[in-house]
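# Observations on the model geometry
Here is how the chains run, residue by residue.
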Amino acid sequence: MSDHDLDPQLLLLRRQYMQLFEPDFLAWPPSKFLKDVDVQKWLYKHLFDPSRNSRLPPESYQMRVLKQLVAKIEKTIEDTGQDEVLGELVTCFTSFISGGTPYKFDAAQGKAYVTFTCIPEVHHSDESHAYNDASDPTITLLERRHLVLGSRITGFRTWEASLHLGSYLLTDIGSCLVRGKNVLELGAGTGFLTILSAKHLQATHVTTTDGDEGVVTALKENIALNDLDDQEKVRAETLTWGHDLRGTWVQEDCTRYPYDVVIGADITYDKVAISALVLTLQNLFDMRPSLKVTIAGVVRNAETFQTFRDECAYHHFAAEDVVFEPKSMRQQKALFYAAAVPIKILSISRPR
């Protein structure tokens, strides 16, 4: 199969797969298409061949996807003398079974590579360009999703509001928010938005923060994983909200890289932490009155999200909704996330 003959559905499948999209909801090409030997070769090369892909999903996930793929191919085979499942796919499948790979991702897998495709919104409808391994702009993160379970620490995986805000920043209007700017991220978690801003959106400098030291350690690993481990471009530090920032490293950092923009996503879910968050925003506005703040949140609890709005109003901040509706999962072509629950983006400033 030549790159020019590549079906866009294969690209979509690979993007979903590398992001560890739930296997039961993958956008599979038609089964009759899958039995083509050249298609199977492409799928093995780009989804399962470890010699060509050093950052594949965990084997448990690969196993679940490969099981579905083999079943779909076998279902369409009419002439066993001519049509068959590619030998490499069969060998890979057999290897997973003999190795005892579990069907579901569990704590034993530890860290898992998750690769996000970061295509500007304007390009989503145009998949006609030739494909090669480096054509898609991507971010690869090591996530520890099992650590989120049963814990109040949520920074080890990338959540929906981060992906929604990322989708907005990839638009022409959204990208202007960070391009050529000094950015501060609050509650950065895995670092998706930080890395997107520094790696693909031409931010001048990004200071990225989280309140948990373990999360910040993992955040630094992800920054290095994306070749951004240069403090002249990205700096990662621990920041606890609610404390006076005068005389701290934040004030020194803001003097060196005067913050233009503050971003944050999925940081308004805890009513207890909201007052501390807004107090930190007030301290940042004191240092940089012209600061622009953009915060995205999944409205899992309308009362909690309203509490954040009320706190902003109490401190005389202007908080306006950014009109950017999430696409349904069937319409998403790059960053994939659930949109059943409302996701809001707020633009916050302090009138002079």
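Because the structure is predicted, anything quoted here is derived from the model rather than measured.

Conventions adopted
Residues numbered from 1 in each chain as written. Predicted model: local features only at pLDDT ≥ 70, side-chain atom pairs only at ≥ 80, totals over all residues. Heavy atoms only, no water. Core = buried A, V, L, I, M, F, W, Y, C linked by side-chain atoms within 4.5 Å. Buried < 20%, exposed > 50% of the residue type's maximum accessible area, 1.4 Å probe, protein only. Helix = DSSP H or I, 4+ residues; strand = E, 2+ residues; numbered from the N terminus. Contact = heavy atoms within 4.5 Å. Polar contact = N/O pair within 3.5 Å; in protein donor to acceptor, adjacent residues only side chain to side chain. Pairing = 2+ DSSP bridges. Axes fitted to C-alpha atoms, helices over the stretch in contact; angles between N-to-C directions. Parallel < 35°, antiparallel > 145°, perpendicular 65-115°, else oblique. Left-handed = near helix turned anticlockwise from the far one by under 90°. Nonpolar A, V, L, I, M, F, W, Y, C, P; charged D, E, K, R; others polar. pLDDT = per-residue confidence, 0-100. Salt bridge = Lys/Arg side-chain N within 4 Å of Asp/Glu carboxyl O. Phe/Tyr/Trp six-rings, centres within 6.5 Å; stacked < 30°, edge-to-face > 60°. Lys NZ or Arg CZ within 6 Å of the ring centre and 35° of its normal.

### Side note on the nonpolar core
It is characteristic of soluble globular proteins that their nonpolar side chains tend to be buried jointly. Leu43, Phe48, Leu66, Leu69, Leu89, Leu169 and Phe192 are the most contacted members of the largest nonpolar core, which totals 73 residues. By residue number, the principal contributor to this core is helix H4 (residues 59-76), which donates seven residues. With residues up to four places along the chain from it excluded, the contact list for Leu89 reads Gln40, Tyr44, Phe48, Leu66, Leu69 and Ile73. Membership of the second largest hydrophobic core comes to 26 residues, among which are Leu239, Trp241, Tyr259 and Leu284.

### Considering the side chain of Glu143
Topologically, Glu143 is positioned in strand S2 (residues 138-143). Only 2.7 Å separates the side chain of Glu143 from the side chain of Thr158, close enough to count as a polar contact. Excluding residues that lie within four positions of it along the chain, Glu143 makes contacts with Gly110, Lys111, Ala112, Val114, Phe116, Phe156, Arg157, Thr158 and Thr190.

### Re the sheet that holds strand S6 (residues 261-265)
In space, the seven strands of this open sheet follow the order S5-S4-S3-S6-S7-S9-S8, with mixed pairing throughout. Pairing within the sheet leaves two strands with one partner each, and these edge strands are strand S5 (234-238) and strand S8 (318-321). On average, each strand axis in the sheet is tilted by 20° relative to the strand beside it, whichever way the strands run. Relative to the sheet, helix H8 (residues 192-200) contacts strand S3 (182-186), strand S4 (205-210), S5 and S6, its axis offset from that of S4 by approximately 175°.

### What about helix H6 (residues 160-169)?
Of all 10 residues that make up H6, nine are buried, and the element is covered over most of its length. Within H6 the residues assigned to the buried category are Ala161, Ser162, Leu163, His164, Leu165, Gly166, Ser167, Tyr168 and Leu169. Packed against the buried residues of H6 are strand S1 (112-117), helix H7 (172-175), H8, S6, strand S7 (292-298) and strand S9 (343-349).

### Remarks on the environment of Pro258
If you trace the backbone, Pro258 turns up in the loop between helix H10 (249-256) and S6. The class for Pro258 is partly exposed, based on a relative accessible area of 30%. A C-alpha to C-alpha distance of 7.7 Å links Pro258 and Arg288, two positions 30 residues apart in sequence. Look past the residues within four positions of Pro258 in its chain and what remains in contact with it is Asn182 and Arg288.

### A word on the packing of helix H1 (residues 8-18) against helix H3 (residues 37-48)
In contact at an axis separation of 11 Å, H1 and H3 are set at 25° when each is read in the N-to-C sense. With respect to each other, H1 and H3 are oriented roughly parallel. The hand of the H1/H3 crossing is right-handed. Seen from H1, the contacting residues are Leu10, Leu13, Arg14 and Tyr17; seen from H3, they are Val39, Trp42, Leu43, His46, Leu47 and Phe48. Along the lines of polarity and charge, the residues of the contact of H1 with H3 split into eight nonpolar, one polar and one charged.

### Considering the confidence of the model for the chain
This prediction gives the chain a mean pLDDT of 89; 88% of its residues lie at or above 70. Overall, residues 103-109 carries pLDDT values under 50, and its contacts beyond four positions in sequence, including any with other chains, amount to 17 contacts.

### Focus on the packing of H3 against helix H5 (residues 87-98)
Running from N to C, H3 and H5 point in directions that differ by 40°, and their axes come no closer than 9 Å. With respect to H5, the axis of H3 lies oblique. Contact residues: H3 offers Gln40, Tyr44 and Phe48, while H5 offers Glu88, Leu89 and Cys92.

### Here we look at the pattern of salt bridges
The tally for this structure, following the rule as stated, stands at 15 salt bridges. Look at the salt bridges and you will find they share partners, linking Lys111, Arg144 and Glu221 into a network.

### A short note on the environment of Arg64
Topologically, Arg64 is positioned in helix H4. Residues Arg64 and Phe93, 29 residues apart in the sequence, show an inter-C-alpha distance of 9.8 Å.

### Remarks on the packing of aromatic side chains
Centre-to-centre distance and the angle between the planes together describe a pair of aromatic rings. Enumeration over the complete set of coordinates arrives at six aromatic pairs. Among the aromatic residues, those joined into a ring-pair cluster are Tyr17, Phe48 and Tyr61. Against the face of Trp159 rests Arg157, its NZ or CZ located 4.7 Å from the ring centre.

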